[in-house]
Amino acid sequence: MASAAAPTAAVPTLAPPLEQIHQLAVELRLLLPGVRVGEARETTKEFNPETFWRRLNAAAVNVSREATTLTEVFSRVPLPSPQETQRFCEQVRAAITAIIAVYYSLPKDQGITLRKLVRNATLDIVDGMAQLVDVLFITPAQSPENSDLISYNSVWTACQQVPRIPRDNKAAALSMLTKSVDFVKDAHEEMEQAVEECDPYCGLLNDTEDNSDNHGDEEDDGLGCPNNRDLYWSEEDQELIIPCLALVRASKACLKKIRISVAENGKKDQVAQLDDIVDISDEISPSVDDLALSIYPPMCHLTVGINSAKLVSVLKKALEITKASHVTPQPEDSWIPLLINAIDHCMNRIKELTQNELEL
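Residues numbered from 1 in each chain as written. Predicted model: local features only at pLDDT ≥ 70, side-chain atom pairs only at ≥ 80, totals over all residues. Heavy atoms only, no water.

## What about the packing of helix α12 (residues 284–294) against helix α13 (residues 301–324)?
Let me state the cut-off plainly: In this analysis an axis means a line fitted to C-alpha atoms, helices contributing only their contacting stretch, and an angle means the value between N-to-C directions, from 0 to 180 degrees. By definition, any uninterrupted DSSP run of H or I lasting at least four residues is a helix, any uninterrupted run of E lasting at least two residues is a strand, and each is numbered from the N terminus. Roughly parallel here means an angle under 35 degrees, roughly antiparallel means over 145, roughly perpendicular means 65 to 115, and every remaining angle is called oblique. Here a crossing is taken to be left-handed if its near helix is turned anticlockwise relative to the far helix by less than a right angle, and right-handed if that turn runs clockwise. Contact between two residues is taken to exist if any of their heavy atoms lie within 4.5 Å; hydrogens are not considered.
Relative to each other, α12 and α13 sit at 160°, their axes nearing to 9 Å. Taken together, α12 and α13 sit at an angle that is classed as roughly antiparallel. Seen from above, α12 lies across α13 with left-handed handedness. Contact with α12, carried on its side by Ile284, Ser287, Val288, Asp290, Leu291 and Ser294, involves Thr303, Val304, Asn307, Ser308, Leu311, Val314, Leu315 and Ala318 of α13 and no other residues of that element.

If you want it as C-alpha cells, here you go:
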C-alpha cells in the first residue's frame, strides 16, 4: 500500500513592498509612547560612560545608514521585491530597536536632565525615521516631491545631533539653562518691540472713528468693528507695562545668575540638586510667556496681576532652591537678596496698579 505524500508546508505570502513600508511606519510610531515614558533598565553591571556614548554614537550612525539605504532602494523603479523589502524593513527595525535599547541603558543616577536630552534625541530619531518611511510610502518614486521631502527629512539631522549631546548632567543642566535664558531674552525683546510698534495703530483707529461717526455706533457694534481698546494701550495700560517689563528683565537676570553659579560651582556628582535647579528654572520661561501675552491689548489688568504673581512665585522658588544647593557655597551671597528685592519692587508696583481690579 502506497504511503500518502506528506503535505508541503504553506509558504507565507509576503505583502507587497509598499504595504510592508506602510506597516513599518505604523510600527515605528507605536514605539514613541514607550520611549517617552520608559524607565532605565535594571542591571547589575557598573555603568561605563565611555561605553555608553560609543554605543549611542554607533547606533545613530547605523540608523542613518539604514535610512539612506531605504531611501535609495525606494526612490527608484522598479521597487524591490517583497523578499528584499522584508529584509530592508527588518534592518530598519533592528537599528531603531538598538538605539532605543542604548537609551534605556542610561541609569537615572546619571541625572534626569541628561536622560531627558538623550530621550529627546532618541525620540527625534524614531519619529524622523517614521516620517521618512511615510514619505517613501505616500510619494511615488522618482517624483520631484519625493526628492524635496526626503532631502529635508529630519532623521539624518537627528542622528547628526547625537555626538553633540552633553556628556554629563552638569553639562546637560548648563545646556538647558542656556536655552531658558535665550527664551526669556527673546520674550523680553518681543515685549519691548510690541510696546514700540503698538502706537502706529492710532492712525488707523482715528480713521475708524471718523467712519463710525458717519455710519453710527450701532453699525460698529453690529459688524464687530474693534474699539480702541482692542488695538492700543490706554495710559493706565502703559503705566502697568513698565513694571511688567522690569519683572521680565529680573527673570532674565535670575536665570543668568543661576547659570553662572552652576557653571562656576556645579559638581558633576551632585546630579539631584542640578536636576532640581533645572526643573524649577524650566518653569520661568512659560511663566514669562504667560505674562507677555497678557499685556497685549485689550489688556485685562486682573490677568496681568495674576500672571505676574505666578511668575514671582516661580522666580523666588528658583532662587530658594539655588541658594540651598551646592552651587551657592555662600548662601549669604549678595546677588540673591538683591534679585529678590528687585522682584518684590516690581510686584508691589504691579499690585498698586491692579488693586482696583483685584478688589472687584
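Having seen the model, we can carry on.
## Comments concerning unusual backbone geometry
Cis geometry marks the peptide bond from Val77 to Pro78; its omega dihedral reads 0°. One can find Pro78 in the loop between α2 (49–74) and α3 (82–104). Here the amide bond leading from Pro297 into Pro298 is cis, since omega sits at -5°, within 30 degrees of zero.

## A word on the side chain of Ser251
For clarity, the cut-off: When accessible area is computed with a 1.4 Å probe and restricted to protein chains, residues below 20% of their type maximum are described as buried, those above 50% as exposed, and intermediate ones as partly exposed. N or O atoms within 3.5 Å of each other form a polar contact, as long as, within protein, one can give a hydrogen and the other can take it, and as long as residues adjacent in sequence are counted only when both atoms are side-chain atoms.
Residue placement: Ser251 occurs in helix α10 (residues 235–265). For Ser251, a relative accessible area of 0% translates into the label buried. Polar contacts involving the side chain of Ser251 include one to the main-chain carbonyl oxygen of Leu247, which spans 2.9 Å. Beyond its immediate chain neighbours, meaning those up to four positions away, Ser251 contacts Val184, Ile284, Val288, Leu311 and Leu315.

## Quick word on the packing of aromatic side chains
Worth spelling out the cut-off: Two rings from Phe, Tyr or Trp (for Trp, the six-membered ring) form a pair when their centres are within 6.5 Å of each other. A pair whose planes differ by under 30 degrees is stacked, one over 60 is edge-to-face, and the rest are tilted. When the NZ atom of lysine or the CZ atom of arginine is within 6 Å of a ring's centre and also within 35 degrees of its normal, the charge is said to sit over that ring.
Taken as a whole, this structure holds three aromatic pairs when the rule is applied. Ring centres 4.9 Å apart and planes at 80° place the aromatic pair Phe52 and Trp53 in the edge-to-face group. A single burial state applies to Phe52 and to Trp53, both of which are buried. By way of ring pairs, the aromatic residues Phe47, Phe52 and Trp53 are connected into one cluster. The lysine or arginine in question, Arg167, covers the ring of Trp53, its NZ or CZ lying 4.2 Å from the ring centre.

## Regarding the nonpolar core
Worth spelling out the cut-off: Nonpolar cores are built from buried Ala, Val, Leu, Ile, Met, Phe, Trp, Tyr and Cys residues. Side-chain atoms within 4.5 Å join them into one set. Each domain's extent is set by a domain assignment, obtained either automatically or from a database.
Grouped together as the largest cluster of nonpolar side chains are 93 residues, with contacts concentrated most on Leu56, Val63, Ile96, Ile125, Met129, Leu247 and Ile284. When residues of this core are assigned to domains, at least three map to each of domain 1 (17–165) and domain 2 (173–198 + 233–357). If we skip the residues at most four places from it in the chain, Leu247 touches Leu291, Ser308, Leu311, Val312, Leu315, Ile343, Cys346 and Ile350.

## Looking at the confidence of the model for the protein chain
Test applied: Note: pLDDT gives the predictor's confidence per residue, expressed from 0 to 100.
This prediction gives the protein chain a mean pLDDT of 86; 81% of its residues lie at or above 70. Counted against residues more than four places away or in other chains, residues 200–212, with its pLDDT under 50, gives eight contacts. With pLDDT under 50 throughout, residues 215–226 is counted as low confidence; its partners more than four residues away or in other chains account for five contacts.

## With respect to the pattern of salt bridges
The cut-off we apply is this: By definition here, a salt bridge exists when the distance from a side-chain nitrogen of Lys or Arg to a carboxyl oxygen of Asp or Glu is within 4 Å.
Applying the stated criterion across every chain, the model contains eight salt bridges. One salt bridge connects Asp344 with Lys316, and the closest N-O pair in it is separated by 2.6 Å. Here the residue Asp344 occupies a position in helix α14 (residues 335–359), and Lys316 occupies one in helix α13, the gap between them amounting to 28 residues. When salt bridges that share partners are traced, they join Arg29, Asp127 and Asp134 into one network.

## Side note on the environment of Leu32
Of note, Leu32 is situated in helix α1 (residues 17–37). Given a relative accessible area of 6%, Leu32 falls into the buried group. Expressed as a C-alpha distance, the spacing of Leu32 and Asp127, which sit 95 residues apart in the sequence, is 7.3 Å.

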